[in-house]
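Coordinate analysis (summary)
Letter by letter, the chains look like this.
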Amino acid sequence: MISSLASMDTSETRAKPGWRGPSHAILLVALLASFLLLSVRHLGTTPRVYEDEPWQASVGLKLATQGVLGSDLFAGLDGMGGRTYLFMPLHPMLLAATYRLVGFGLVQTRLETVVMGLAALVMTYLLGRRLFDRQVALLSVAALLLVRTAGATPTAPTGLLLVDTARLARYDAVVPAFGLAALLAFVAGGRGAWRYGLAGLLAGLAALAHVYGAFWLAVLLALAVWNHIGARRIIAVVGGFLVPVALYAAYVLADPAAWAAQVAGYAPRFALATPGFYLDNLLREPHRWGPGLGPCGPGWLAHPGFWAAAAVVPASIVMLTRRAHDGDRAARAIVVPALLLPALFAVLLTLKLAAYLATVVPVLALAG
């Protein structure tokens, strides 16, 4: 609810100049350093290797050593040795860059997502400062690092979503880094169209990390319509988004038969022509939000962090929605993704992984 009250400049707030001075910078550095220390501690052993990590690392390694976006682990299977379409390409490409810089290994592989998690925290801070003030920005980062909303699981040992996500070498930490950057570029705006094009480009890169990264384009377009930014700037957003997407489409079209064979197993996740698909997704969505907390029900309220988030964030979003309705663009920049992203996740995503929420929780932290 801090962001909802950010515009209320009280005398008590003005009486604390140190909050905006060196002490503020020290607190920010301390939070980011704490994230890094917590993330790299036992990084090579905790959590245990997740099945997706070697698959994606194999593509990054082959790209780094041979310049081929393929996987020797799957050589001979639907052409995957030479061209891999099993997952989107941005994460393996970032892994390849990591291997070229620091070598190959489990720690190095996970180091890439640690950096992406750090980038997501920095983007959260910059958004909070841009939209509200430094206090909101700092408290939002602190909430992401201190408020435990889930229980511990084998792949998420801390219950802190962004921290746990950054310890697994998957694409989950990459999407929020680029999605939040897209939102930041959009709200920075300007008279020209280039920043809107940059926002679209960053959203396109989020989509190249995982398909649900494309939801950030929906966020940008919803904000564009609500803020009446004009057709030229909307075209810039869409055009920027299409640049990386078109490049990947060209890569797919180089061997469409291999693409079709490799992604055939994903068909049930895209049954968009089946009405029951959306209802089933919606009914199963609660499973995404409480990993490690046991069956969905009153027992979740025994966890203070989850209870606080479930109470504070909705109340704050209601207050922000009122401000957004009155023309507050800063409030709109939080309300739109805070409502639209979970709605799209609920209706369109069949796989109910909590790790996907790494792209949502920074926005909720800014709202709360």
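Read on for a plain summary of the structure. (Residues numbered from 1 in each chain as written. Predicted model: local features only at pLDDT ≥ 70, side-chain atom pairs only at ≥ 80, totals over all residues. Heavy atoms only, no water.)

Further remarks concern the overall build of the protein. Across its full length, the protein holds 17 helices and zero strands. The C-alpha radius of gyration of the protein comes to 21 Å, within 12% of the 21 Å expected for a compact globule of 368 residues. The C-alpha extent of the protein, read off along each of the three principal axes, is 70 × 50 × 45 Å. Among the 368 residues that make up the protein, the fraction classed as buried is 48%. Within the protein, residue pairs in contact and separated by at least 24 positions form 73% of the contacts whose partners lie at least 6 positions apart. Total accessible area on the protein stands at roughly 16,500 Å², and carbon and sulfur atoms take up 70% of it. (Helix = DSSP H or I, 4+ residues; strand = E, 2+ residues; numbered from the N terminus. Rg over C-alpha atoms; globule rule 2.2 N^0.38 Å. Buried < 20%, exposed > 50% of the residue type's maximum accessible area, 1.4 Å probe, protein only. Contact = heavy atoms within 4.5 Å. Areas by Shrake-Rupley, 256 points an atom, 1.4 Å probe, with all protein chains shown as cover.)

This next bit is on the packing of aromatic side chains. Applying the stated criterion across every chain, the model contains nine aromatic pairs. Aromatic pair Tyr85 and Tyr251: ring centres 5.2 Å apart, planes at 55°, arrangement tilted. Remark: Tyr251 occurs in helix α11 (residues 231–253) and Tyr85 occurs in the loop between α3 (52–66) and α4 (90–102); sequence separation between them is 166 residues. Centroid distance Phe277 to Tyr278: 5.2 Å. Interplanar angle 80°. Geometry classified as edge-to-face. Joined through ring pairs, the aromatic side chains of Tyr212, Phe215, Phe345 and Tyr356 make up one cluster. (Phe/Tyr/Trp six-rings, centres within 6.5 Å; stacked < 30°, edge-to-face > 60°.)

Once that is clear, we can look at the environment of Tyr356. Mapping Tyr356 onto the fold places it in the loop between α16 (329–348) and α17 (361–367). For Tyr356, a relative accessible area of 2% corresponds to the buried category. For Tyr356 and Asp172, which are 184 residues apart along the polypeptide, the C-alpha to C-alpha distance reads 5.8 Å. In contact with Tyr356, not counting residues within four places along its chain, are Arg170, Tyr171, Asp172, His210, Tyr212, Arg288, Phe345, Leu349 and Leu351. Separated by 3.4 Å, the side chains of Tyr356 and His210 make a polar contact. (Polar contact = N/O pair within 3.5 Å; in protein donor to acceptor, adjacent residues only side chain to side chain.)

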